[in-house]
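Here is what each chain is made of, one letter per residue.
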Amino acid sequence: MSTTPYNDRTDLQKIQSQWNKIGGLLGRGRDWSAAIVRAATAAEIAANIAVRQRFAGTGFSNDFVDSLLKWANGIDGKFTRLIIPAEADNARKTQLASLKKQAELINQKRNDIVHRGAFADEPDALKLIEEARQVVHGLIQHYHPGFTLHDKPTKKAAAAAAIE
């Protein structure tokens, strides 16, 4: 069975790939920091999708929208400069502001890990992964209502299920 190379996958497939990696990392029971980085990556890809979907049909070229994503520089910039300002519906803006706060927590821990060499423990990782799930769903389901992240069963969970 052939797997599509990562760079050839859609953004939705890339998010699910990141989520699959999280399951594997959690299953090893020690890669908490790496799992947080993967969750933050999934949230940022979700922000990219939200921006692309928001600007679809506007006449802006894909190259221009990609340049906006680079200009926004990170998930905070995408929320602050693109996602929230482009939203006309006040109720949705309020929801997006709440998601932005969650994304900030995830991104802060991600930056601590990636830029400062910090480590995370299990409770931290599980909390931030759940926050990332909420951010991903909050951004994506607005444009793709049927989208749901699927958790990859860990080896530990599969072994426990086999015993039952």
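Anything mentioned here points back to the structure above.
Conventions used here
Residues numbered from 1 in each chain as written. Predicted model: local features only at pLDDT ≥ 70, side-chain atom pairs only at ≥ 80, totals over all residues. Heavy atoms only, no water. Salt bridge = Lys/Arg side-chain N within 4 Å of Asp/Glu carboxyl O. Helix = DSSP H or I, 4+ residues; strand = E, 2+ residues; numbered from the N terminus. Buried < 20%, exposed > 50% of the residue type's maximum accessible area, 1.4 Å probe, protein only. Expected span 1.5 Å × (residues − 1). Phe/Tyr/Trp six-rings, centres within 6.5 Å; stacked < 30°, edge-to-face > 60°. Lys NZ or Arg CZ within 6 Å of the ring centre and 35° of its normal. Contact = heavy atoms within 4.5 Å.

> Sorry, what's going on with the pattern of salt bridges here?
Pairing between side chains of opposite charge can happen when their charged atoms approach one another. In total, this model carries 11 salt bridges according to the counting rule given. The partner of Asp 11 in a salt bridge is Arg 52, with the nearest N and O atoms 2.7 Å apart. Pair noted here: Asp 11 is in helix H1 (residues 11-28) and Arg 52 is in helix H2 (residues 32-55), with a separation of 41 residues, a long-range link. With a relative accessible area of 33%, Arg 52 lands in the partly exposed category. Notably, a salt bridge pairs Asp 151 with Arg 133, separated by 2.8 Å at the nearest N-O pair. Placement of Asp 151 in the loop between helix H6 (122-140) and helix H7 (155-163) and of Arg 133 in helix H6 is noted, with a sequence separation of 18 residues between them. For Asp 151, a relative accessible area of 48% corresponds to the partly exposed category. By relative accessible area, which is 15% here, Arg 133 ends up buried.

> Just checking my understanding: could you explain H2 for this structure?
Each α-helix turn comprises 3.6 residues. Residues three or four places apart therefore point the same way. Helix length check: H2, at 24 residues, gives a terminal C-alpha distance of 35 Å against a target of 34 Å (1.5 Å per residue), a fit within 8%. The positive-phi residue at the C-terminal boundary of H2 is Gly 57, with phi of around 80°.

> Looking at this model, I keep getting lost on the packing of aromatic side chains. Mind explaining?
As enumerated under the stated definition, the model contains two aromatic pairs in all. Ring geometry for Phe 55 and Phe 60: centres 5.9 Å apart, planes at 50°, overall tilted. Residue Phe 55 is classed as buried on the basis of its relative accessible area, which comes to 14%. Relative to Phe 64, the ring of Phe 60 has its centre 5.0 Å away and its plane inclined at 50°; by these criteria the two rings are tilted. Phe 64 sits in the partly exposed class, given a relative accessible area of 37%. These aromatic residues form a ring-pair network of at least three members: Phe 55, Phe 60 and Phe 64. Positioned above the aromatic ring of Trp 71 is the side chain of Arg 81, whose terminal nitrogen or guanidinium carbon lies 5.1 Å from the ring centre.

> Help me understand the environment of Lys 14 in this model?
Counting through the fold element by element, Lys 14 comes out in helix H1. Along the chain, Lys 14 and His 150 lie 136 residues apart, while their C-alpha atoms are 13 Å from each other.

> What is the right way to look at the environment of Ala 42 in this model?
As for its position among the elements, Ala 42 is in helix H2. Placed 23 residues apart in sequence, Ala 42 and Trp 19 show a C-alpha to C-alpha distance of 7.1 Å. Residues within four places of Ala 42 in sequence aside, it is in contact with Ile 15, Gln 18, Trp 19 and Val 136.

Function cannot be read off these values alone, since they describe shape.
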